Amino acid sequence: MIRACAVILLLGVLTGCSTFSDRYQDDTKLIISYLLYDLPLPESSEIQKSQTVILGTGAGWAGRIALSAGQSPAELLKYFSTSTVGSGWTMTASTVSDQIILVFEKESRVATIEIFRNSFLEGVSMFGGRETDVTISVHHPNAIQSQSPFDGYQAPTR
């Protein structure tokens, strides 16, 4: 009886953690889809919160989004090439090797999408295949005004 209760309690805790994680991902994707309304993200991707920084909203946002996705780099290359252009972005450069880099422009913004696989064991999930990492960086060309922002700066001495 005690073992049965312990097993049921353990399953409840594990299920609750899974539900919380799923809810967090859903909420995060909802917020990011609002902020990045014109940059499509793969449905099955998971946002890496600790590596994501977004400033602004709508057409005025800039920052970096880190994702992990179950698709292969080739599938993600196809996805971003078609869906991003379909959202009004123009592809201006691409590099395809073991790391894929796509550069898009829209309304004076520049988006760089990097797609890469981790080393053999680093990107393996417990119940699935290997994950592919995606980093999307968006900036505005005139965001940096001074080319020498640290002129005259003296580092503190110890």
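Residues numbered from 1 in each chain as written. Predicted model: local features only at pLDDT ≥ 70, side-chain atom pairs only at ≥ 80, totals over all residues. Heavy atoms only, no water.

**Concerning the pairing of strand β4 (residues 90-96)**
And step 1. As defined by bridge partners, β4 adjoins strand β5 (residues 99-106) across six bridges and the pair is classed as antiparallel. When the sheet's bridge partners are listed, Ser94 is paired in β5 with Leu102. (Pairing = 2+ DSSP bridges. Helix = DSSP H or I, 4+ residues; strand = E, 2+ residues; numbered from the N terminus.)

**Let's talk about the packing of aromatic side chains**
And step 1. Enumeration according to the criterion identifies one aromatic pair in this entry.
And step 2. Ring geometry for Tyr79 against Phe80: centres 5.2 Å apart, planes inclined by 80°, an arrangement best described as edge-to-face.
And step 3. Taking relative accessible area as the criterion, Tyr79 reaches 25% and is therefore assigned partly exposed. (Phe/Tyr/Trp six-rings, centres within 6.5 Å; stacked < 30°, edge-to-face > 60°. Buried < 20%, exposed > 50% of the residue type's maximum accessible area, 1.4 Å probe, protein only.)

**Looking at the pattern of salt bridges**
And step 1. Throughout the structure, instances matching the rule amount to three salt bridges.
And step 2. A salt bridge links Arg109 to Glu107, with the nearest nitrogen and oxygen atoms 3.8 Å apart.
And step 3. Look at Glu107 and you get exposed, because its relative accessible area is 54%. (Salt bridge = Lys/Arg side-chain N within 4 Å of Asp/Glu carboxyl O.)

**Notes on the environment of Ile101**
And step 1. With respect to the secondary-structure elements, Ile101 resides in strand β5.
And step 2. Here Ile101 falls in the partly exposed class, since its relative accessible area comes to 28%.
And step 3. The spatial distance from the C-alpha of Ile101 to the C-alpha of Ile113 is 5.7 Å, given a sequence separation of twelve residues.
And step 4. Discounting residues that sit within four places of it in the chain, Ile101 has contacts with Ala93, Ser94, Thr95, Thr112, Ile113 and Glu114. (Contact = heavy atoms within 4.5 Å.)

**Description of the side chain of Lys106**
And step 1. When you line up the elements, Lys106 lands in strand β5.
And step 2. Here Lys106 falls in the buried class, since its relative accessible area comes to 14%.
And step 3. For Lys106, the side chain forms a polar contact with the main-chain oxygen of Ser87, separated by 2.9 Å. (Polar contact = N/O pair within 3.5 Å; in protein donor to acceptor, adjacent residues only side chain to side chain.)

**Some words on the nonpolar core**
And step 1. Leu67, Phe80, Leu102, Ile113, Ile115, Val134 and Ile136 are the most contacted members of the largest nonpolar core, which totals 19 residues.
And step 2. Sorting the residues of this core by element identifies β3 (62-69), α2 (73-86), β5, β6 (109-117) and β7 (132-139) as the ones contributing at least two each. (Core = buried A, V, L, I, M, F, W, Y, C linked by side-chain atoms within 4.5 Å.)

**Digging into the environment of Arg117**
And step 1. Within the element layout of this structure, Arg117 appears in strand β6.
And step 2. Overall, Arg117 belongs to the partly exposed group, its relative accessible area being 29%.
And step 3. Expressed as a C-alpha distance, the spacing of Arg117 and Asp133, which sit 16 residues apart in the sequence, is 6.0 Å.

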